[in-house]
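# Notes for the structure review
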Amino acid sequence: MQTINFLKPNRDNIKNYSIIGSILILISLIDVISNAFLKTNLTSFLPGSLTTLFPLIIGLIGLNMMRIDYSGNKTLDLLNKNINTNNFNALLTLLILFSIIKALPPSLSWMIFDANISGDSKDACTGTGACWTYIKVWFRRFMYGMYPNEFHWRINTAFILVIALGFVGYFMKENLKKYLALYYVIIYPIIAYLVIYYLISGGSFGLQWVETGAWGGLSLTFIVSFFCLIFCFPLGMIFALGRRSNLPVIKYISICYIEFWRGVPLITVLFMSSVMFPMFLPEDFFMDKLVRVIIAITLFEAAYCAEVIRGGLQSLPRGQYDAAKSLGMGYWKMHIFVILPQALKLVIPGIANTFLALVKDTPLIFVVGLAELAGMLALAKTNPKWLGFAMEGYIFASIIFWIICYAMSKYSYNLEAKYKTER
Amino acid sequence: MSDPIIKIQNMNKWFGDFQVLKNINLEVEANKKIVVCGPSGSGKSTLIRCINRLEEHQEGDIIVDGNELSEKTKDIEKIRAEVGMVFQQFNLFPHLSILDNCTLAPIWVKKMPKKEAQELALDQLKKVQIDDQANKFPGQLSGGQQQRCAIARALCMQPKIMLFDEPTSALDPEMIKEVLDAMVSLAKGGMTMIVVTHEMGFAKEVADEVIFMDEGMIIEKAETKEFFANPKSDRTKLFLSQIL
């Protein structure tokens, strides 16, 4: 009979060991699962503290027995290489696994099984779980803020128009392609501004005027992020080039700009833009609060963009500049055709990073009284009729923000893959 | 004798406190081929980089095709467009195809119509025998092919002068030949060339004059045959004995 060497599993006794090991792990999993889902303790015959540790110990022994180098079994090798390299990693693996299993039933029952979504008032929420009725009732507010219900179509139409205009670049004719950058940097923002101004603000063409103070919810998040994104990128590019300029005036202006905006917190900038800034303006000059906030965030993020882009510019070998110059290209031609296309490609991850941070910074505009998605939540949770549902609201907002940000990061990966060329 | 196309007089250049070029005097007539050799760090590359002002000199005059190069020179781009340059590291634009590498400058600097530029580029690529690679990207080509493309790219600007900065130093021996062949045929076409190289075979074959530099000075300047047969200075003799 084959002797079982308990301490040293190897290729010869792989069968015995892997089977015994899997059985042990299975037992430990069954124990945890039954504990978590059925609330029964299979090992109640063991003394107190051992009951808790039982699955961990059994699982560890099981994993230890399965740890065979080059077993020849693909699944086993994969397992051993990634989560079972030594006893410590095996312990971590088990702990994480058990925590997930333990956390699953309560969160599932809170979010789904014990949750309510029917009805349209707080009384409908009788269960112990989440009250999605709250989200349902407030959904329009979360999306459109205080914007009058009967005009929501105006926001929708404006967004569809702006998105459609954004895709124009894809369908442009070949001979117009060279104006693409011009379109996206100058023409598109202007058109988008006009669309949003005339449709959402209204005031002409028989559309009723709606104050920006009434705007809010997710649509405001989109509006603020959209304008900040498209303006801060070209501005950042200008300052990145400026900081590397040979002309001292331009260089030091750029450095001052970047260091100033990087040195102040966004929340102070927003306060300044809404409280202090109007004091410096002539009395008859009026600039909307929303516009001021967008300008403030744009200027702020442009400084970050500038530094990211400068990193890309610096990583290009000097030979690229030499080659472009030797072909007779001046500063602008060199940068537009040779330097920037390469540098911008390199900084896609960094720019995506900055943009994601920007989108997640937008809730800060709450401090100046503009209620975008997170701001609406804060308003809703203090509504006397709906007290006590902050959790549902924040989970809802997290999911929405996560979807937006994940989509953006996926898009940036796509761009990276699309523009990848070998060096 | 015609007027020299490149004229350098009493030129001095410093990098910080370090003087790289000392009292350089050089005249190059049109259609002549000059080979510059010397040990590394002797200022050869810096010298030819001064000719299209990729490096700035501090003292003396450099006159290229009747234009003086100085801080006051306004249309430095115009002069550079007439002086092609080939680099040791090729310096192709990796984000553009081979064809686009060659047409970029003619289209945007010389305002040539796109079609004409493409025809010209294909023609030049054919001369260096890589017209079949026109739609590939630089990263997909071998070093020798990349360098030949760099030569074609410079020629697409139809320059009057070509500068070569150690064009074969980053290549392995088999590829050196294909690049040198391209340069030889260019030389036979009558181009004015200044070549920094260690390829003495190439110097013997095409050069009209050879310049030997050391420590930032021109030590010896002689006709090719004379240079190899009867080098005058001891430093040159030492160098030649090591390299040949």
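Rules behind the numbers
- Residues numbered from 1 in each chain as written.
- Chains lettered and ligands numbered in written order.
- Predicted model: local features only at pLDDT ≥ 70, side-chain atom pairs only at ≥ 80, totals over all residues.
- Heavy atoms only, no water.
- Helix = DSSP H or I, 4+ residues; strand = E, 2+ residues; numbered from the N terminus.
- Rg over C-alpha atoms; globule rule 2.2 N^0.38 Å.
- Contact = heavy atoms within 4.5 Å.
- Areas by Shrake-Rupley, 256 points an atom, 1.4 Å probe, with all protein chains shown as cover.
- Lys, Arg positive; Asp, Glu negative; His and termini not counted.
- Charge placed at Lys NZ, Arg CZ, Asp CG, Glu CD.
- 1 Å grid on protein atoms, 1.4 Å probe; cavity = no way out; pocket = protein on both sides within 12 Å on 5 of 7 lines; lining within 4 Å.
- Points joined across faces, edges and corners; volume = space filled by probe spheres on them.
- Nonpolar A, V, L, I, M, F, W, Y, C, P; charged D, E, K, R; others polar.
- Buried area = accessible area lost by both parts, 1.4 Å probe.
- Salt bridge = Lys/Arg side-chain N within 4 Å of Asp/Glu carboxyl O.
- Polar contact = N/O pair within 3.5 Å; in protein donor to acceptor, adjacent residues only side chain to side chain.
- Core = buried A, V, L, I, M, F, W, Y, C linked by side-chain atoms within 4.5 Å.
- Buried < 20%, exposed > 50% of the residue type's maximum accessible area, 1.4 Å probe, protein only.

What follows deals with the overall build of chain B. When its secondary structure is counted, chain B shows 9 helices and 10 strands. The C-alpha atoms of chain B give 18 Å as radius of gyration, which agrees with the globular expectation for 244 residues (18 Å, within 12%). For chain B, the spread of C-alpha atoms along the three principal axes comes to 50 × 45 × 40 Å. Taking all contacts inside chain B whose residues are at least 6 apart in sequence as the whole, residues at least 24 apart take part in 66%. Surface summary for chain B: the accessible area is close to 11,100 Å², and the carbon and sulfur share equals 46%. A distance of 3 Å separates the average location of the 30 positive side-chain charges in chain B from that of its 36 negative side-chain charges.

The subject of this paragraph is empty space enclosed by the protein. Overall, the coordinates contain 2 cavities of 30 Å³ or more when judged by the stated rule. Roughly 50 Å³ of volume is contained in the largest cavity. Residue lining of the largest cavity: I5, V64, D65, N67, I79, E82, V83, K160 and I161 of chain B, and that is the complete set. Its residues assigned to classes, the lining of the largest cavity shows 5 nonpolar, 1 polar and 3 charged. For the second largest cavity, the full set of lining residues is S326 and L327 of chain A together with R80, A81, V83, G84, A154 and M157 of chain B. Mapped by element, the contributors of at least two residues to the lining of the second largest cavity are α2 (76-82) and β6 (83-86) of chain B. Partitioned by chemical class, the residues of the lining of the second largest cavity number 5 nonpolar, 2 polar and 1 charged.

Counting from both sides, the interface comprises 21 residues of chain A and, opposite them, 26 residues of chain B. For the pair chain A and chain B, the two sides together bury roughly 2,000 Å², of which 64% comes from carbon and sulfur. Linking chain A with chain B are 2 salt bridges, by the criterion used here. Salt-bridge contacts for R49 of chain B lead to D322 of chain A; the nearest nitrogen and oxygen are separated by 2.9 Å. Linking chain A with chain B are 7 residue pairs in polar contact (both at pLDDT 80 or more).

A separate point is the nonpolar core. Ranked by size, the top nonpolar core spans 129 residues in total, and within it Y134, F142 and M329 of chain A carry the most contacts. Looking at which element gives the most residues to this core, the answer is helix α9 (residues 217-243) of chain A, with 13 residues. Excluding its chain neighbours within four sequence positions, the residues that come into contact with F142 of chain A are Y134, I135, G217, L218, L373, M376, L377, A380 and F396 of chain A. Judged by nonpolar contacts, the second largest core, of 51 residues, contains C37, A117, I151 and V206 of chain B.

Distances and angles like these do not, on their own, reveal function.
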